[in-house]
Amino acid sequence: MEFFATCPKGFEQLLAAELTHLGMDQVRALAGQVSFAGDVADAERAVLWSRLASRVVAVLARRVPAHDSDALYEGLSAIPWEDHLRPTSTLEIDAHGTNQELRNTRFVALRTKDAVSDRLLARTGARPETDTRNPDLRVVVRLRNDAATVGIDLSGDALFKRGVTRPTRSLACAPLRADYAAALLAAGDWFRDARHGSQALMALYAGTGTIACEAAEQVCDRAPGLLRTRWGHEGWLGADRNAWQALLDEADNRAENGAGRLEGLSILVADPRPGTADACRQALRSAGLAVTPTIVETTPAACREALAQAGTALVTADLSWFKPDDYAQEASVTSLVSSASQAASQGSRLCSLGRAGLAASALGIEPAGSYAVITGSDAAAIDRFEGLPTAATPTITLKDGTTVPVLVGASDQFAARLAKVARLRAKWARREDVSCYRVYDADLPDYAVAIDLYQGTEATPGRWLVIAEYAAPKEIDPELAHRRLLDVLAIAPRVLGVAPADVSLKVRERARGGSQYADGGQHDARPTHVGRDHHRGSLRLAPGSHLVDEGGLTFEVDLRGRLDTGLFLDHRLVRSEVREMAKQTKGSKRFLNLFAYTGTATVYAADGSATHTTTVDMSAPYLEWARRNMARNGFTGEDHEFVQADVIAWVSEQRHTANRWDLIFCDPPTFSNSSRMRDASFDIQRDHAELLIGVSRLLTRNGTCLFSCNLRGFEPDVEKLGRAGVGIEDVTAGTIPEDFSRNARIHHCYLVRRIPPRVVAP
């Protein structure tokens with residue numbers, strides 16, 4: 001008979017080799033399937049033992065006419081279905097493919113069901129029922145051009161469903177499908193190792209333990225389908241039941257005899273993601289595999305020690321979960337893969353599953369073999385590496401003795417510079433009682449990043465890094481810049497004592513009005529929009545958010561879910577000045593915060609005894625964030641109002657009311673073209689004079705506006721402001737914190753007041 005086994009794209013050659021090993025004849029790899037010949041017992045052996053096939057189908061007819069529905073019906077009606085299923089059986093039709101006349105697979109399935117049912121009704125007087133969940137028999141119809149191939153699915157459920165019920169766990173990573181794990185092992189010749197040589201496996205990013213289970217089953221010679229209880233061929237009249245029972249008995253004996261081999265199996269698991277170690281142990285227990293994995297810390301020293309004890313090993317790296325634009329994770333992945341490679345003994349191999357080129361970049365060598373596959377909807381590859389570079393990738397040693405694999409040898413200069421400035425900055429921060437500050441700001445031109453350290457409160461303790469990359473000049477090789485960035489992401493958390501998982505990366509690009517993040521969110525331009533909407537009035541922290549202290553006050557920061565964090569660190573002294581000015585304000589002590597962002601200046605003003613505050617921003621989520629910041633510091637009630645409005649239009653409207661404020665803080669964006677603005681756009685250099693003239697009209701007689709902007713080349717239009725009776729005084733120098741001293745143009749700050757009219761003597 002003729003059969004074919006289906007498989008994921010890219011598995012064809014691996015599956016063909018497996019079927020050949022299982023004794024099949026005329027094995028031929030096709031697109032998404034492998035055909036073979038044999039008797040029914042051969043196909044049943046493939047169903048029980050194949051780790052790579054998704055389904056095994058017995059071909060009943062080829063080239064069934066299918067140029068239209070009537071031809072398909074007639075061709076299918078000619079098949080003796082009474083020889084294949086009982087009239088009382090339940091049936092499902094699995095249709096694939098379309099052509100010019102048959103454009104819908106559901107219609108193809110319906111016409112197939114009609115042909116089968118009508119044939120059985122005519123021959124036996126009974127019609128089978130349809131069951132799409134647990135049918136007794138599944139008929140497969142595959143259209144190609146004007147012909148169809150028809151067969152019986154011998155598998156039932158897909159073969160990668162091994163029949164093991166594993167504990168459900170809330171992990172950050174999704175389980176790797178069993179056939180993908182088996183393909184990764186097959187590409188690395190694990191079957192040969194398990195039977196004839198080394199029985200050591202290091203699973204990098206082992207996830208929920210699928211790779212460990214597949215590897216252990218091969219060592220103890222247990223059929224992948226042995227724990228399943230239901231098969232597609234059980235409802236097929238053409239099945240060889242005696243042969244099937246013999247196959248099951250043989251598989252039971254082989255598994256029983258091979259159980260002792262697990263004692264010599266060494267499975268090393270290295271995965272920094274939380275919960276994966278326990279998930280791996282539980283997966284092996286649930287599968288009844290008596291092997292305890294060794295959990296290895298994801299450091300070069302730990303990998304070296306573990307692999308030294310294990311000897312020659314196959315190293316697998318499941319990187320299918322990795323997101324291409326997550327550079328922080330890429331640095332962690334690169335470091336771990338490189339560490340394992342350097343630690344592996346001579347003769348070891350490494351196989352990776354994930355984005356093509358990812359593992360090759362970490363290892364610095366090209367794969368010896370590669371299989372193009374699909375993971376989810378993404379193009380990926382299974383890559384096999386031999387002759388692992390035990391010393392090709394450079395490493396640097398930190399002062400505490402920690403060894404860090406790097407991609408660029410000169411990164412040792414960055415590590416030394418970062419360690420030095422971090423030590424000095426930490427002393428300054430302790431002296432000034434500052435918990436969130438900039439550690440490094442492009443001190444070395446080749447490593448053009450800014451690194452900010454955030455330290456949490458008792459409510460949310462911890463240390464986190466926010467690393468912002470400045471876009472490299474066009475003359476810099478982008479690949480070299482990328483490798484330097486990955487080194488920064490590998491080195492910085494180790495130098496600063498932060499877990500790699502607690503590092504966030506932002507990428508800046510030069511754009512109109514200063515720096516902007518690559519995807520268009522404005523950070524340096526003081527954004528007025530936010531992507532995450534928080535629960536109204538709730539003080540509950542969103543995932544990725546933390547509480548930090550500054551100036552004796554508590555603020556919420558979001559270090560992961562946002563392009564900005566909620567707290568501009570360069571404004572630390574500006575906020576302190578707002579508090580001092582609020583204390584010194586006489587009269588009604590009314591405070592106005594324009595372009596308020598998360599309301600941090602409002603909190604400082606309230607702490608400085610401002611009796612009434614008004615916080616204005618166009619973004620509702622920002623205003624809710626500002627509300628939470630105020631509430632966390634005890635400032636609630638009707639005296640603190642929050643206004644969602646286009647600030648430019650709102651200022652113009654307030655000029656015609658009696659509302660006036662003693663102190664105003666105004667920190668507008670460098671540029672904005674929001675559709676919610678009354679005017680088409682706002683440009684700080686072009687429009688600041690009109691804005692400040694309007695703001696000055698909202699001040700009381702002795703009131704003051706503290707105005708800030710971050711356009712590097714900003715120049716106030718003193719002449720135009722003066723003609724309108726507005727005075728402006730540059731106080732920038734006194735508002736640049738020590739940790740931003742390398743970049744004195746990080747922002748500009750001015751005092752804006754109304755100039756009393758001159759009195760001319762008569």
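What you see is a predicted model, and the numbers here were worked out from it, not measured in a lab.

Enquirer: Just give me the short version of the overall build of the protein, but keep the residues and values in it.
Expert: Summing up its helical and strand segments, the protein has 20 helices and 33 strands in all. Referenced to the eigenvectors of the C-alpha coordinate spread, the extents of the protein come out at roughly 120 × 65 × 50 Å. The buried share of the protein, reckoned over its 762 residues, is 57%. Taking the intrachain contacts of the protein between residues at least 6 apart in sequence as the baseline, contacts between residues at least 24 apart amount to 73%. With the model as given, the accessible surface of the protein reaches about 32,600 Å², and the carbon-plus-sulfur share is 47%. Both charge centroids of the protein, one from 89 positive and one from 96 negative side chains, sit 4 Å from each other.

Enquirer: Any details on the nonpolar core? Residues and values, ideally.
Expert: Counting residues in each nonpolar core, the largest one holds 94 residues, and the members touching the most others are Leu-19, Val-56, Trp-81, Val-139, Leu-154, Trp-190 and Leu-289. Sequence-distant contacts of Leu-289, that is, excluding residues within four places in its chain, are made with Cys-213, Ala-216, Glu-217, Cys-220, Arg-222, Leu-262 and Leu-284. The next biggest cluster of nonpolar side chains, apart from the first, holds 36 residues, and it includes Leu-407, Leu-465, Ala-492 and Leu-496.

Enquirer: Now, about the packing of aromatic side chains: what can you tell me, with residues and values included?
Expert: Inspection of the entire model under this criterion finds 17 aromatic pairs. Positioned above the aromatic ring of Phe-160 is the side chain of Arg-177, whose terminal nitrogen or guanidinium carbon lies 3.7 Å from the ring centre. In this arrangement the basic side chain of Arg-228 is found over the ring face of Trp-231, its NZ or CZ atom lying 4.5 Å from the centre.

Enquirer: Go over the sheet that holds strand β7 (residues 137-144) with me, naming the residues and quoting the values.
Expert: Reading across the sheet, the eight strands line up as β2-β3-β1-β4-β8-β7-β5-β6 and stay open at both edges, with mixed pairing between neighbours. Of all the strands in the sheet, just β2 (25-30) and β6 (129-130) have a single pairing partner and so form its edges. Lying on the sheet, helix α1 (residues 12-21) is in contact with β1 (2-6), β2 and β3 (33-37); it crosses β2 at an angle near 170°.

Enquirer: Just give me the short version of the pairing of strand β9 (residues 200-204), but keep the residues and values in it.
Expert: Extensive coverage of β9 is indicated by the burial of five of its five residues. Where burial is concerned, the two faces of β9 agree: the one with Ala-200, Met-202 and Leu-204 and the one with Leu-201 and Ala-203 are both buried. Two elements, β9 and strand β12 (residues 314-318), share four bridges in a ladder whose sense is parallel. Considered in β12, the bridge of Ala-203 is made with Thr-316.

Enquirer: Break down the confidence of the model for the protein for me, with residues and values.
Expert: Detailed conclusions should not be drawn from predicted coordinates in areas where pLDDT is low. Mean pLDDT over the protein works out to 89, with 92% of the residues at or above the 70 mark. Overall, residues 509-537 carries pLDDT values under 50, and its contacts beyond four positions in sequence, including any with other chains, amount to 87 contacts.

Enquirer: Talk me through the sheet that holds strand β25 (residues 590-594); I want residue IDs and the actual numbers.
Expert: The sheet built from seven strands is open, its strands ordered β27-β26-β25-β28-β31-β33-β32 with mixed pairing. Edge strands, defined here as strands with exactly one partner in the open sheet, are β27 (640-644) and β32 (726-730). Neighbour-to-neighbour, the strand axes of this sheet turn through a mean angle of 15°, independent of strand direction. Bridge analysis of strand β31 (residues 699-709) against strand β33 (residues 748-754) gives five bridges, and the strand direction is antiparallel. The residue bridging Leu-706 from the neighbouring strand is Leu-751, located in β33. Sheet contacts for helix α17 (residues 620-632): β26 (612-617) and β27; angle to β27, the most-contacted strand, approximately 170°.

Enquirer: So, unusual backbone geometry: which residues are in play, and what are the values?
Expert: It is generally the case that most residues other than glycine have a negative phi and that most peptide bonds are trans. The backbone of Tyr-205 shows a phi angle near 55°, a positive value even though the residue is not glycine. Here Tyr-205 is to be found in the loop between β9 and α7 (210-219). For Tyr-205, a relative accessible area of 1% translates into the label buried. Here Asp-221, not a glycine, exhibits a phi torsion of approximately 60°, which is positive. By secondary structure assignment, the location of Asp-221 is in the loop between α7 and α8 (241-258).

Enquirer: Got a sec to walk through α17? Specific residues and values, please.
Expert: The terminal C-alpha atoms of α17, which comprises 13 residues, lie 18 Å apart, in line with the 18 Å expected from a rise of 1.5 Å per residue. Among all positions in α17, only Pro-621, Tyr-622, Leu-623, Glu-624, Trp-625, Ala-626, Arg-628, Asn-629, Met-630 and Arg-632 are buried. At its buried positions, α17 is contacted by β23 (545-550), β24 (553-558), α16 (600-607), β26 and β27. Two to three positions downstream of the cap, the backbone nitrogen of Tyr-622 sits 3.2 Å from a side-chain oxygen, assigning the N-cap of α17 to Ser-619. Immediately downstream of α17, the backbone of Gly-634 shows phi near 85°, a positive value.

Enquirer: Requested: an account of the side chain of Thr-704, with residues and values cited.
Expert: With respect to the helices, strands and loops of the structure, Thr-704 is situated in strand β31. Judged by relative accessible area, Thr-704 falls into the buried class, the value being 10%. A polar side-chain atom of Thr-704 sits 3.4 Å from a polar atom in the side chain of Arg-753.

Enquirer: Residue-level account of the pattern of salt bridges, with values.
Expert: This model, assessed by the stated rule, comprises 39 salt bridges. As a salt-bridge pair, Asp-443 and Arg-742 come within 3.6 Å of each other at their nearest N and O atoms. Of this pair, Asp-443 sits in the loop between β18 (437-441) and β19 (449-455) while Arg-742 sits in the loop between β32 and β33, and the two are 299 residues apart along the sequence. For Asp-443, a relative accessible area of 13% translates into the label buried. Of the charged contacts, one joins Glu-719 and Arg-723 as a salt bridge, the two residues approaching to 3.2 Å between their closest N and O atoms. Within this pair, Glu-719 and its partner Arg-723 are both found in helix α20 (residues 718-723), separated by four residues, close to a single helical turn. Assigned by exposure class, Glu-719 and Arg-723 land together as exposed.

Enquirer: Give a description of a positive patch on the surface that names residues and reports values.
Expert: Positive charge collects at one region of the surface, where Lys-399, Lys-420, Arg-423, Lys-427 and Arg-430 lie side by side. For Arg-430, a relative accessible area of 63% puts it in the exposed group.

Enquirer: Requested: an account of the state of the cysteines, with residues and values cited.
Expert: Going through the model one piece at a time under the given rule, you end up with zero disulfides. In this structure Cys-709 is a free cysteine whose sulfur lies 9.1 Å from that of Cys-749, the closest cysteine sulfur available. With relative accessibility at 1%, the residue Cys-709 sits in the buried group. Among the residues examined, Cys-749 registers a relative accessible area of 0% and is labelled buried.

Enquirer: Which residues make up the packing of helix α15 (residues 572-584) against α16, and what values go with them?
Expert: Orientation of α15 relative to α16, taken along the N-to-C sense of each, is 35°, at an axis distance of 7 Å. The chirality of how α15 crosses α16 is right-handed. Touching Arg-575, Ser-576, Val-578, Arg-579 and Ala-582 of α15 are Thr-600, Ala-601, Tyr-604, Ala-605 and Asp-607, all from α16. Class assignment for the residues of the contact of α15 with α16 results in five nonpolar, two polar and three charged.

Enquirer: Describe the packing of helix α3 (residues 69-77) against helix α4 (residues 105-124), listing the residues and the values that go with them.
Expert: For the pair α3 and α4, interaxial distance at closest approach is 9 Å and the crossing angle is 40°. Relative to α4, α3 is oriented so that their crossing is right-handed. Counted together, Ser-69, Asp-70, Leu-72, Tyr-73, Leu-76 and Ser-77 of α3 and Phe-107, Val-108, Arg-111, Thr-112, Asp-114, Ala-115, Asp-118 and Arg-119 of α4 form the full contact between these two elements. A breakdown of the residues in the contact of α3 with α4 according to their chemical character gives six nonpolar, three polar and five charged.

Cut-off values and rules
- Residues numbered from 1 in each chain as written.
- Predicted model: local features only at pLDDT ≥ 70, side-chain atom pairs only at ≥ 80, totals over all residues.
- Heavy atoms only, no water.
- Helix = DSSP H or I, 4+ residues; strand = E, 2+ residues; numbered from the N terminus.
- Buried < 20%, exposed > 50% of the residue type's maximum accessible area, 1.4 Å probe, protein only.
- Contact = heavy atoms within 4.5 Å.
- Areas by Shrake-Rupley, 256 points an atom, 1.4 Å probe, with all protein chains shown as cover.
- Lys, Arg positive; Asp, Glu negative; His and termini not counted.
- Charge placed at Lys NZ, Arg CZ, Asp CG, Glu CD.
- Core = buried A, V, L, I, M, F, W, Y, C linked by side-chain atoms within 4.5 Å.
- Phe/Tyr/Trp six-rings, centres within 6.5 Å; stacked < 30°, edge-to-face > 60°.
- Lys NZ or Arg CZ within 6 Å of the ring centre and 35° of its normal.
- Pairing = 2+ DSSP bridges.
- Axes fitted to C-alpha atoms, helices over the stretch in contact; angles between N-to-C directions.
- pLDDT = per-residue confidence, 0-100.
- Expected span 1.5 Å × (residues − 1).
- Polar contact = N/O pair within 3.5 Å; in protein donor to acceptor, adjacent residues only side chain to side chain.
- Salt bridge = Lys/Arg side-chain N within 4 Å of Asp/Glu carboxyl O.
- Patch = residues over 30% accessible without salt bridge, like charges linked within 9 Å, V, L, I, M, F, W, Y side chains within 5 Å.
- Disulfide = S-S within 2.5 Å.
- Left-handed = near helix turned anticlockwise from the far one by under 90°.
- Nonpolar A, V, L, I, M, F, W, Y, C, P; charged D, E, K, R; others polar.

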